[in-house]
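Given next are the chains, with one letter for each unit.
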Amino acid sequence: MFDATLNDFGSRRADSVAAPVNEDWLAVVLGLAIFVLALAALANVDLIGWVVTTSVWSNLGQALKATSKDFSSLGGIGALFATYAALLIVLSASAVALKTSVTKFALAFTAVFWIAYASWVIGNFAHFAAVTSAEQQKFGISWSLKLTNEGGYIFALIAGLIIANFFPRFAEAVKEAVRPELYIKVAIVILGGVFAVTAAGKLGLASSLILRGVAAIVEAYLIYWAVVYFVARKWFGFNREWAAPLASGISICGVSAAIAVGGAIRARPVIPVLVSSLVVIFAVVEVLILPFIAQAFLAHEPLVAGAWMGLAVKTDGAAVAAGGITESLILAKNAAEGVNYQPGWILGTAATIKVFIDVFIGIWAFVLGYIWTNHINVTRDQDKAKFKEIWERFPKFIIGFLITFAVGLYLALGTSADIAKKVPAAIGEANTFRVIFFILTFFSIGVLSNFKTLWQEGFGKLAAVYLLSLFGFVVWVGLLISWLFFGGITPPLAS
Amino acid sequence: MTQVDIREEVNRAAVEPLLPIEKKLIGWSLTVGVVLLVGLAILNHFIPATF
């Protein structure tokens, strides 16, 4: 997890966890609020059906519409403005909780929302998004890049990258609203409910996937971490203060793990901050490459592809987002061959694995903190690692994910048929918000990725460790593990 | 935050040989990880995914 306002981090103790906890709880509140509002549809009260949704288009006038037919009178532009206004009000109020200037946030968010959503709309242009011959015929076009509608995420990412690398002053001006970790956490809370509806129809498969996710934890913490720590210490000569956050960032979960472990071993705050910069940049490279590799080589092993994204991409935002793009690409490729898989399983696999890995960050940070404060840099009793740090470092947004998953599953399986049949449509409206938060995440990740950082003096050695460890070990061992545990398992077919 | 001289930060870090506790951490972590993975893989083989 990554606080966009890194400037706040410099003078704080590395073991302070105040900011990430606030953002986590905020994500829980926002995500649950959207989920609860969506569930009003079960009582035939549509509270969020006005949220804008975008379809693949050749005629721009037909690109946008309200999610629910009940609000069709709004028109596409009306739905778009309603969505912007609602998010502006809610997120600006959240700015108060984050102790940020509401005016600055509101102005920044206005720019972020409109640029990000415009990129998404462009990405849905038929020449970019249409996949099958039937779709191309429908839109009257003879060629398409076949990126699927979720290719719009890539357009949002590229828009952010352009701003970060060519308009740095504008990037600085909008930084208050560039919060990829907040946006993806809200999205993941909503995703819990969405995945519950998907899993409800195939509980046996869902349970199998969760059990297999345990292998991901073993790999990330015990195998990845040990190898990367050894490489950083022995081959590149980094000292312990650098190597531990670096190994955590590369092997576990990028930003949050680097910061948690940096705090646990009482490293200077500047170190996890620098590691975090690298994490984001390499995650962007992975998002731009891995989903397309997965489509080319793993189209017939869709859950291997999903698991691979969860194991190989090293921030929550990028991993879950990569899972979404991979799902879209692989479903499209299979659909072109006449095989229509049910959507949600590939994305759900990637998200579940990432969430599993996140759960144990606090525990691993405590283990390392215990070793450091008791055996390496022995400290006074009051400075030693304490059990309560496990809870302090636990990513709270996962609680939101578990709540929406449990409630969604109960509603889908434990209520009357009348209510159960309304659940998919109700949660579908919340899912539209999930898509919008994904768009904001992609754009924000791009804005934070200034590649000139890599050319900064001294960054070369850090980048070299990252490059060797990630693309020489983590990505391929992750693929092997995904294959071992998810090979041969396919999503159910769409009904 | 003032511009951090990363090269200075990286270079001023003294070279530290691996301590015995670090070697134990790496060794145990890898060993337990591989053993657990092999065990899970065997379990996975005998308990295939249900649909």
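Everything numeric here is computed off the predicted structure, so don't read it as measured data.

The rules we used
Along every chain, residues carry numbers that run from 1 in the direction the sequence is written. For naming, the first written chain is A and the first written ligand is 1, with later ones following in the order written. Reporting of local features is limited, given that this is a predicted model, to residues whose pLDDT is at least 70; pairs of side-chain atoms are given and counted only at 80 or more, and all residues count toward the totals for whole chains, interfaces and linings. Helix numbering and strand numbering both begin at the N terminus, where a helix is a DSSP run of H or I of at least 4 residues and a strand a DSSP run of E of at least 2. As a reference, a globule follows 2.2 Å times the number of residues to the power 0.38, and the radius of gyration itself is taken over C-alpha atoms. Residues with at least 20 other C-beta atoms within 10 Å of their own are called buried, those with 12 or fewer are called exposed, and the rest are partly exposed. The C-beta atoms themselves are positioned from the backbone. Note that contacts rest on C-beta atoms placed from the backbone: two residues are in contact if these are within 7 Å. Helix span, as expected, comes to 1.5 Å for every residue beyond the first. Working definition: the nonpolar core is a set of buried Ala, Val, Leu, Ile, Met, Phe, Trp, Tyr and Cys residues, joined through C-beta atoms within 7 Å. Confidence of the predictor at the level of single residues is captured by pLDDT, which takes values from 0 to 100. Note that bend, as reported per residue, equals the angle between axes fitted to the 7 residues terminating at that residue and the 7 residues originating from it. Inter-axis angles, ranging from 0 to 180 degrees, are taken between N-to-C directions of lines fitted to C-alpha atoms, where helices are fitted over the stretch in contact. When describing relative orientation, an angle under 35 degrees is termed roughly parallel and one over 145 degrees roughly antiparallel, while 65 to 115 degrees is termed roughly perpendicular and anything else oblique. Residue type decides the class: Asp, Glu, Lys and Arg count as charged, Ala, Val, Leu, Ile, Met, Phe, Trp, Tyr, Cys and Pro as nonpolar, and the leftover types, Gly among them, as polar. Crossing handedness is defined as follows: a turn of the near helix away from the far one that is anticlockwise and smaller than a right angle gives a left-handed crossing, while the clockwise case is right-handed.

Peer 1: Provide a residue-level description of the overall build of chain A, including the pertinent values.
Peer 2: Helix and strand counts for chain A stand at 20 helices and 2 strands. Taken over the C-alpha trace, chain A has a radius of gyration of 22 Å; the compact-globule value for 495 residues is 23 Å, and the two agree within 12%. Along the first, second and third principal axes, the C-alpha atoms of chain A reach 65 × 50 × 50 Å. The buried share of chain A, reckoned over its 495 residues, is 58%. For chain A, the proportion of contacts with a sequence separation of at least 24, taken over those separated by at least 6, is 77%.

Peer 1: Before we move on, could you go through the environment of Gln136 of chain A and cite the residues and values that matter?
Peer 2: Residue and element names in this part refer to chain A. Considering the arrangement of structural elements, one finds Gln136 in helix H5 (residues 133-139). Sequence-wise, Gln136 and Ser58 are 78 residues apart; in three dimensions their C-alpha atoms are separated by 9.9 Å. Discounting chain neighbours no more than four positions away, the residues touching Gln136 are Ala130, Ile141, Ser142 and Ser144.

Peer 1: Tell me about helix H14 (residues 345-359) of chain A, residues and numbers included.
Peer 2: Helical geometry note: an α-helix holds 3.6 residues per turn, so side chains three or four residues apart project in the same direction. If you check H14 of chain A, its first and last C-alpha atoms are 21 Å apart, about what 15 residues at 1.5 Å a residue would give, namely 21 Å. With 13 of 15 residues buried, H14 of chain A is to be regarded as a mostly interior element.

Peer 1: Can you tell me about the nonpolar core, naming the residues and giving the values?
Peer 2: Within the largest apolar cluster, 183 residues are counted, with the highest numbers of intra-cluster contacts made by Val112, Ala156, Leu157, Ile190, Ala322, Ile439 and Phe443 of chain A. Broken down by element, this core gets its largest block of residues, 19 residues, from helix H9 (residues 203-235) of chain A.

Peer 1: Requested: an account of the confidence of the model for chain A, with residues and values cited.
Peer 2: Residue and element names in this part refer to chain A. Counting all residues, the mean pLDDT for chain A is 86, and 93% of those residues have values of 70 or more. Predicted confidence in chain A is weakest over helix H16 (residues 388-393), with a mean pLDDT of 74, and strongest over helix H3 (residues 102-123), with 96. Residue range residues 1-21 is modelled with pLDDT below 50. Its contacts to residues more than four positions away, or to other chains, number 45 contacts.

Peer 1: Mind laying out the environment of Glu327 of chain A, listing which residues take part and the relevant values?
Peer 2: Residue and element names in this part refer to chain A. Tracing the backbone through its elements, the reader meets Glu327 in helix H13 (residues 316-336). Spatially, the C-alpha atom of Glu327 lies 6.0 Å from that of Leu347, the residues being 20 residues apart in sequence. Non-local contacts of Glu327, meaning those with residues more than four positions away in its chain, are made with Gly306, Pro343, Ile346 and Leu347.

Peer 1: I'd love a proper account of helix H8 (residues 180-200) of chain A, names of residues and values included.
Peer 2: All names here are of chain A. Under the 1.5 Å per step criterion, the end-to-end length of H8 is 30 Å for 21 residues, consistent within 8% with the ideal 30 Å. The sharpest bend along H8 measures roughly 30 degrees and falls at Leu191. Within H8, 20 of the 21 residues are buried, which leaves it mostly tucked inside the rest of the structure.

Peer 1: Could you give an account of the packing of helix H10 (residues 240-264) of chain A against helix H15 (residues 361-376) of chain A, naming the residues involved and the relevant values?
Peer 2: Residue and element names in this part refer to chain A. It is at 11 Å that the axes of H10 and H15 come closest, and there the two elements cross at 175 degrees. Regarding the angle of H10 to H15, the classification is roughly antiparallel. Where H10 abuts H15, its residues Arg240, Ala244, Ile252, Cys253, Ser256, Ala257, Ala260, Val261 and Ala264 lie against Ile361, Gly362, Trp364, Ala365, Phe366, Leu368, Gly369 and Ile376. Tallied by class, residues from the contact of H10 with H15 come to 13 nonpolar, 3 polar and 1 charged.

Peer 1: Summarise the packing of H10 of chain A against helix H11 (residues 270-297) of chain A; cite the residues concerned and give the values.
Peer 2: All names here are of chain A. Where H10 meets H11, the closest approach of the two axes is 9 Å, and the angle between their N-to-C directions is 50 degrees. In terms of orientation, H10 and H11 fall into the oblique class. In this structure, H10 meets H11 at a crossing whose hand is right-handed. Every residue of H11 that contacts H10 at Glu241, Trp242, Pro245, Leu246, Gly249, Gly254, Val255, Ala258, Ile259 and Gly262 is listed here: Ile271, Pro272, Val275, Ser276, Val279 and Ala283. Here the residues of the contact of H10 with H11 sort into 11 nonpolar, 4 polar and 1 charged.

Peer 1: So what's going on with unusual backbone geometry? Residues and values would help.
Peer 2: With the exception of glycine, most residues fall at negative phi, and the peptide bonds are largely trans. All names here are of chain A. The backbone of Asn44 shows a phi angle near 60 degrees, a positive value even though the residue is not glycine. Looking at the element boundaries, Asn44 is found in the loop between helix H1 (18-39) and strand S1 (52-54). Positioned with a positive phi, Arg266 is a non-glycine residue whose angle comes to about 60 degrees. Among the structural elements, Arg266 can be located in the loop between H10 and H11. Judged by C-beta crowding, with 18 C-beta atoms within 10 Å, Arg266 ranks as partly exposed.

Peer 1: Could you give me a rundown of the confidence of the model for chain B, with the residues and numbers involved?
Peer 2: Model confidence for chain B is summarised by a mean pLDDT of 78, while 65% of its residues fall at 70 or above. Across the interface, the model reports ipTM at 0.88; the global pTM reads 0.81.

Peer 1: Describe the environment of Ser449 of chain A, naming the residues involved and giving the relevant values.
Peer 2: Residues and elements named next belong to chain A. Following the sequence through the fold, Ser449 ends up in the loop between helix H19 (423-447) and helix H20 (459-486). With 22 C-beta atoms packed within 10 Å, Ser449 lands in the buried category. Sequence-wise, Ser449 and Pro245 are 204 residues apart; in three dimensions their C-alpha atoms are separated by 20 Å. Residue contacts for Ser449: discarding those within four places in its chain leaves Leu161, Ala164, Val280, Ile281 and Val284.

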